[in-house]
Structure formats: structure tokens, C-alpha cells
Amino acid sequence: AEYDAGNSGSSKTIDFLNGAKQKLTLNAATPAITISTTGLVVGQYQLKVVQDPASARVPSWVGFAAGDCVGNAFPVITTTLSGITFVYFYWDGTQFWVSSSSWD
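Presented here is an overview of the structure given in this document. Worth saying up front: this structure is predicted, and the values here are computed from it rather than measured.

**Details of the pairing of strand E4 (residues 32-35)**
Across the two faces of E4 the burial differs, with Ile33 and Ile35 buried and Ala32 and Thr34 not buried at all. Summarising the sheet, strand E2 (residues 11-14) and E4 pair through four bridges and their orientation is parallel. Pairing of serine 11 across the sheet is with alanine 32, part of E4. Summarising the sheet, E4 and strand E6 (residues 60-62) pair through three bridges and their orientation is parallel. Residue pairing across strands places threonine 34 opposite valine 62, the latter belonging to E6.

**Quick word on a nonpolar patch on the surface**
Together, Val42, Tyr90 and Trp97 make up a nonpolar patch on the protein surface, roughly 300 Å² of accessible area in all. Structurally, tryptophan 97 can be placed in strand E8 (residues 96-103).

**Some words on the sheet that holds strand E7 (residues 84-91)**
Reading across the sheet, the five strands line up as E1-E3-E5-E7-E8 and stay open at both edges, with mixed pairing between neighbours. Unpaired on one side and paired on the other, strand E1 (3-7) and E8 mark the two borders of the sheet. Across the sheet, the mean angle separating the axes of adjacent strands is 20° when strand polarity is ignored. Where strand E5 (residues 43-50) lies against E7, eight bridges are found, and the strand directions are antiparallel. Opposite valine 50, over in E7, you have isoleucine 84 as the bridge partner.

**A few points about the side chain of glutamine 22**
As for its placement among the helices and strands, glutamine 22 is situated in strand E3 (residues 21-25). Residue glutamine 22 is classed as buried on the basis of its relative accessible area, which comes to 1%. Here the side chain of glutamine 22 touches aspartate 15 through a polar contact of 2.8 Å, landing on its backbone oxygen. Other than its neighbours up to four places away in sequence, glutamine 22 contacts Glu2, Tyr3, Ala5, Ile14, Asp15, Phe16, Gln46, Leu47 and Lys48.

**What about the environment of threonine 80?**
Relative to the helices and strands, threonine 80 resides in the loop between E6 and E7. The spatial distance from the C-alpha of threonine 80 to the C-alpha of valine 58 is 11 Å, given a sequence separation of 22 residues. Look past the residues within four positions of threonine 80 in its chain and what remains in contact with it is Gln51 and Asp104.

**As for the nonpolar core**
Core analysis: the largest hydrophobic core is formed by 20 residues, its most contacted members being Ile35, Leu47, Trp61 and Phe89. Elements that contribute at least two residues to this core include exactly E4, E5, E7 and E8. Not counting residues within four places of it along the chain, the set of residues in contact with tryptophan 61 comprises Ile33, Ile35, Leu47, Phe74, Pro75, Ile77, Val87 and Phe89.

**With respect to the pattern of salt bridges**
Applying the stated rule across the entire model yields two salt bridges. Two residues, lysine 48 and glutamate 2, come together in a salt bridge whose shortest N-O distance is 3.4 Å. Taken together, the residues lysine 48 in strand E5 and glutamate 2 in the segment before E1 connect sequence positions 46 residues apart.

Criteria and thresholds
Residues numbered from 1 in each chain as written. Predicted model: local features only at pLDDT ≥ 70, side-chain atom pairs only at ≥ 80, totals over all residues. Heavy atoms only, no water. Buried < 20%, exposed > 50% of the residue type's maximum accessible area, 1.4 Å probe, protein only. Helix = DSSP H or I, 4+ residues; strand = E, 2+ residues; numbered from the N terminus. Pairing = 2+ DSSP bridges. Patch = residues over 30% accessible without salt bridge, like charges linked within 9 Å, V, L, I, M, F, W, Y side chains within 5 Å. Areas by Shrake-Rupley, 256 points an atom, 1.4 Å probe, with all protein chains shown as cover. Salt bridge = Lys/Arg side-chain N within 4 Å of Asp/Glu carboxyl O. Axes fitted to C-alpha atoms, helices over the stretch in contact; angles between N-to-C directions. Polar contact = N/O pair within 3.5 Å; in protein donor to acceptor, adjacent residues only side chain to side chain. Contact = heavy atoms within 4.5 Å. Core = buried A, V, L, I, M, F, W, Y, C linked by side-chain atoms within 4.5 Å.

Right under this line is the structure:
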């Protein structure tokens with residue numbers, strides 16, 4: 001099942017202990033999204049990021065480095081209104097490995 005993490009606000013912490021597959025709706029300018037690692041076990045996790053239907057939002061990421069991401073860059077989030085980006089995380093117990101793919 002997909003856990004609904006709600007709206008981003010200006011900052012949001014995603015806790016994958018609530019579920020390995022989560023949905024987050026961006027609803028504030030430049031929200032800071034923190035990925036919690038407290039109690040997290042080795043595994044694969046997915047965050048479905050939904051764009052606000054009124055204005056494009058570009059989040060900042062907290063809890064992992066750009067070097068942990070495919071292409072050494074943070075996930076690219078679609079700026080298409082109501083667009084969806086899936087961000088995939090692999091936690092190895094020490095760091096995340098991250099990739100993303102978007103649908104407009």
C-alpha cells in the first residue's frame with residue numbers, strides 16, 4: 001500500500017518506517033524534504049512526488065548528498081503542473097543511492 005505523507009509545506013520529513021512506498025504533494029515554494037534514516041533497514045524505498053496543480057515547486061533535499069544520486073545530481077522533479085516524479089532510494093545501511101523518473 002502507498003502511505004500518503006500529505007503536503008510538503010515549507011519542510012517535510014519522510015519517514016520510510018511509515019511505509020516503503022509513499023506519496024508527497026508539493027504545495028510550497030522550495031520545500032526542504034528530509035529523508036529520515038532513524039531505524040531504517042537496508043532496502044528499497046519509493047517516494048511519489050506530486051506537483052502542485054497551481055504552481056511548479058522545486059524541492060531541496062536533506063539527508064543525502066548529490067554524489068549518492070545517479071549522475072551525481074539530486075533527483076530532477078518535473079515542474080509540470082500536477083506532474084508526478086518517482087524517486088527511488090536504496091538504503092545500504094550507511095547511505096542512500098537515488099534515482100528518479102518523471103511523468104508529465
